[in-house]
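# Structural description and commentary
In case you want the letters, here they are:
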Amino acid sequence: MPRIAYVNGRYVAHRDASVHVEDRGYQFSDGVYEVCEVARGFIIDMPRHLDRLNRSLGELSIAWPLHRSALAVVIREVVRRNRVTDGLVYLQVTRGVAGRDHFFPPASVRPSLVVTAKKIDPAAGAKRAETGVKVITVPENRWDRVDIKSVGLLPNVLAKQQAKEAGAQEAWFVDADGTVKEGASTNAWIVTRDGVLVTRPADHGILRGITRTTLFDVAAKLGYRIEERGFSVAEAKAAREVFLSSATTIAMPIVEIDGEPVANGHPGTITLSLRQAFFDVAKKSPA
Ligand code: PLP
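Note that this is a predicted model, so its numbers are computed, not measured.

### Structural notes on the overall build of the protein chain
Secondary structure assignment for the protein chain yields 8 helices and 16 strands. When the backbone C-alpha atoms are referred to their principal axes, the protein chain occupies close to 55 × 40 × 35 Å. In the protein chain, buried positions account for 51% of the 287 residues. For the protein chain, long-range pairs separated by at least 24 residues make up 71% of all intrachain contacts whose partners lie at least 6 apart in sequence. Of the roughly 13,500 Å² of accessible surface on the protein chain, a fraction of 53% belongs to carbon and sulfur atoms. Here the protein chain holds 39 positive side-chain charges and 33 negative ones, and the gap between their average locations is 6 Å.

So, in structure tokens, the structure goes:
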């Protein structure tokens with residue numbers, strides 16, 4: 001079955017889906033995006049993703065490409081047309097197509113909207129959670145507005161590739177003061193010896209992950225305490241458990257940091273309980 005993409009008002013064959021060379025996303029990374037997980041036929045936490053999209057667009061003064069409810073219809077339709085029951089739906093909004101010029105184009109230029117979806121085998125994530133993943137640390141070298149989910153991801157791409165070449169799955173950006181910020185595409189967490197979950201406050205220094213937000217609800221349900229504060233790489237290496245979170249990984253155990261085993265080198269039980277309870281708590285919108 002051919003994949004279908006939505007591009008500026010049209011559903012087209014994925015292989016033919018394209019945007020103009022003067023799209024400002026292509027020219028300047030002048031755009032934002034969202035990734036929602038699709039699980040068991042439901043779009044996970046769609047209202048929270050659309051709220052964050054609203055914030056990202058507002059911070060960059062980009063207009064909504066469609067009314068919010070119409071965008072939700074497009075998202076569902078792309079998931080449906082691609083018959084995705086487990087996977088992800090990706091959406092990107094840019095400031096639109098205009099002759100290359102740093103100044104914003106006139107208001108008559110409409111934002112561009114692309115929506116795609118793809119299937120992911122849920123067994124792959126489950127299997128990975130059984131063994132856990134490895135991370136490396138890299139110095140923070142991104143701009144200070146990473147709270148905006150912008151498509152400008154070059155430092156993230158380079159860090160992720162560095163992780164891959166080191167045999168790891170994720171790279172943690174570490175601040176000049178030695179505290180962990182977040183992964184290249186995930187938020188970072190530890191569990192202290194006392195069983196308290198620790199994650200950095202979602203100020204301008206990290207992206208406020210939707211999975212992170214929902215994990216606060218999951219933790220409350222399971223009776224775990226959360227402290228929002230910075231933690232160092234050394235504290236993470238000595239922690240009871242370490243994990244990362246994102247829409248496609250949920251809560252994923254980390255078992256190695258910079259080549260050193262952490263949490264005895266095994267996925268932690270608290271992490272796995274958060275993972276297990278996640279879909280009971282997350283909002284599920286039928287696709
Ligand atoms: N941090 C960064 C830099 C990300 O790119 C992502 C997801 O893409 C996250 C955190 C996790 O966010 P979410 O839970 O909304 O997927």
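Moving on from the coordinates now.
### Observations regarding the pairing of strand S7 (residues 133–139)
Examined bridge by bridge, S7 and strand S14 (residues 250–257) share 3 bridges and lie parallel to one another. Bridging across to S14, Val-133 finds its partner in Ile-254. Pairing between S7 and strand S8 (residues 170–174): 5 bridges, direction parallel. If you follow Pro-139 over to S8, its bridge partner there is Val-174. With helix H5 (residues 154–165) bridging S7 and its parallel neighbour S8, the resulting β-α-β unit is right-handed.

### Observations regarding the domain arrangement of the protein chain
Partitioning the protein chain into domains gives domain 1 (4–120) and domain 2 (125–286). For domain 1 versus domain 2, the distance between C-alpha centres works out to 26 Å. Across the contact, 28 residues belong to domain 1 and 26 residues belong to domain 2. Buried surface at the junction of domain 1 and domain 2, summed over both partners, amounts to about 2,300 Å²; 60% is from carbon and sulfur atoms. Contact with domain 2 buries surface across domain 1, with Tyr-33, Arg-48 and Arg-52 losing the most and accounting together for 27% of the total. Scanning the region where domain 1 abuts domain 2 turns up 3 salt bridges. A salt bridge links Arg-145 to Glu-59, with the shortest nitrogen-to-oxygen separation between them at 2.8 Å. At the junction of domain 1 and domain 2, the tally comes to 12 residue pairs in polar contact (both at pLDDT 80 or more). Listing elements by their share of the side of domain 1 that touches domain 2, those giving two or more residues are strand S3 (31–39), strand S4 (42–44), helix H2 (46–59) and strand S5 (87–94).

### Points about unusual backbone geometry
Even without being glycine, Asp-258 reaches a positive phi, approximately 50°. Summarising the element assignment, Asp-258 is placed in the loop between S14 and strand S15 (260–261). On the accessibility criterion, Asp-258 (33% relative accessible area) is partly exposed. Of note in this structure, Asn-264 is not a glycine but carries a positive phi near 60°. With respect to the helices and strands, Asn-264 occurs in the loop between S15 and helix H8 (269–281). The exposed category is assigned to Asn-264, whose relative accessible area is 74%.

### Remarks on the packing of aromatic side chains
Under the defined criterion, the tally for this structure stands at 6 aromatic pairs. Centroid distance Trp-189 to Phe-243: 5.1 Å. Interplanar angle 15°. Geometry classified as stacked. Linking Trp-189 in strand S10 (residues 187–191) with Phe-243 in strand S13 (residues 241–246), this pair joins segments that are 54 residues apart in sequence. A relative accessible area of 0% places Phe-243 in the buried class. Through a chain of ring-to-ring contacts, the aromatic side chains of Trp-189, Phe-216 and Phe-243 assemble into a single cluster. Seen from the ring of Tyr-11, Arg-81 lies directly overhead, with NZ or CZ sitting 4.0 Å from the centre. When the ring centre of Phe-104 is taken as reference, the NZ or CZ atom of Arg-95 above it lies at 3.5 Å.

### Quick word on the layout of surface pockets
The gaps left among the atoms become clear once a water-sized probe is rolled over them. If you add up the space inside the second largest pocket, you get close to 190 Å³. Lining of the second largest pocket is provided by 13 residues; of these, Arg-52, Arg-55, Arg-208, Ile-210 and Thr-213 occupy positions nearest its centre. The leading source of residues in the lining of the second largest pocket is H2, at 4 residues. Of the residues contributing to the lining of the second largest pocket, the split by class is 4 nonpolar, 2 polar and 7 charged. There are two domains that each give the lining of the second largest pocket at least three residues, and those are domain 1 (4–120) and domain 2 (125–286).

### Focus on the site of the ligand
Taken together, the neighbourhood of the ligand is formed by 18 residues, with Lys-149, Glu-182, Ile-210, Thr-211 and Ala-247 sitting nearest. Between an oxygen atom of the ligand and a side-chain N or O atom of Lys-149, the distance comes to 2.9 Å. Contact distances for the ligand include 2.6 Å between a nitrogen atom and a side-chain N or O atom of Glu-182. Burial of the ligand by the protein chains amounts to 94% of its free accessible area of 390 Å². For the shell around the ligand, the elements supplying multiple residues, two or more each, are strand S9 (180–183), helix H6 (210–222) and S13. Tallied by class, residues from the shell around the ligand come to 5 nonpolar, 9 polar and 4 charged.

The rules we used
- The residue count restarts for each chain, going from 1 along the sequence in the order it is written.
- Residue-level local features of this predicted model are given only where pLDDT is at least 70; pairs of side-chain atoms are given and counted only at 80 or more, and the full residue set underlies all totals for whole chains, interfaces and linings.
- In computing side-chain properties, one takes all heavy atoms of the structure into account and sets aside hydrogens as well as water.
- Helix and strand definitions here come from DSSP, where helices need a minimum of 4 consecutive H or I residues and strands a minimum of 2 consecutive E residues; each element is numbered from the N-terminal end.
- For the exposure calls, accessible area comes from a 1.4 Å probe over protein chains only, and a residue counts as buried if that area is under 20% of its type's maximum, exposed if over 50%, partly exposed in between.
- We call two residues in contact whenever any of their non-hydrogen atoms come within 4.5 Å of each other.
- For accessible areas, the Shrake-Rupley method is used with a probe of radius 1.4 Å. Any residue's cover is judged against the shown protein chains and nothing else.
- Positive charges are assigned to Lys and Arg, negative charges to Asp and Glu, while His and the chain termini are left out of the count.
- By convention, the charge on Lys lies at NZ, on Arg at CZ, on Asp at CG and on Glu at CD.
- For two strands to count as paired, DSSP must find a minimum of two bridges between them.
- Convention used here: a crossover is right-handed provided that the path from the first strand, over the helix, to the second strand proceeds clockwise when the strands point away from the viewer.
- Here the bounds of each domain stem from an automatic or database domain assignment.
- Buried area adds together the accessible area that both of two parts lose upon being put together, with accessible area traced by a 1.4 Å probe.
- Put simply, a salt bridge is a Lys or Arg side-chain nitrogen that is within 4 Å of an Asp or Glu carboxyl oxygen.
- Pairing of N or O atoms within 3.5 Å defines a polar contact, subject to two protein rules: one partner must be a possible hydrogen donor and the other a possible acceptor, and residues neighboring in sequence count only if both atoms are side-chain atoms.
- Any two of the Phe, Tyr and Trp rings considered here, Trp counted by its six-membered ring, make a pair once their centres fall within 6.5 Å; the pair's planes then place it as stacked at under 30 degrees, edge-to-face at over 60, or tilted in between.
- Cation placement over rings: the criterion is NZ of Lys or CZ of Arg within 6 Å of the ring centroid and within 35° of the ring normal.
- Cavities and pockets were defined on a 1 Å grid built over protein atoms only: a cavity is a set of grid points that admits a 1.4 Å probe from which the probe cannot escape, a pocket is an open set flanked by protein on both sides within 12 Å along at least five of seven lines, and lining residues are those with an atom within 4 Å of any such point.
- Grid points are joined across faces, edges and corners, and a volume is the space filled by probe spheres set on the points.
- Only Asp, Glu, Lys and Arg are considered charged, only Ala, Val, Leu, Ile, Met, Phe, Trp, Tyr, Cys and Pro nonpolar, and every remaining residue, Gly among them, polar.
- Whether a residue is near a molecule or strand is decided by its heavy atoms; if any one of them lies within 4 Å of it, the residue is near.

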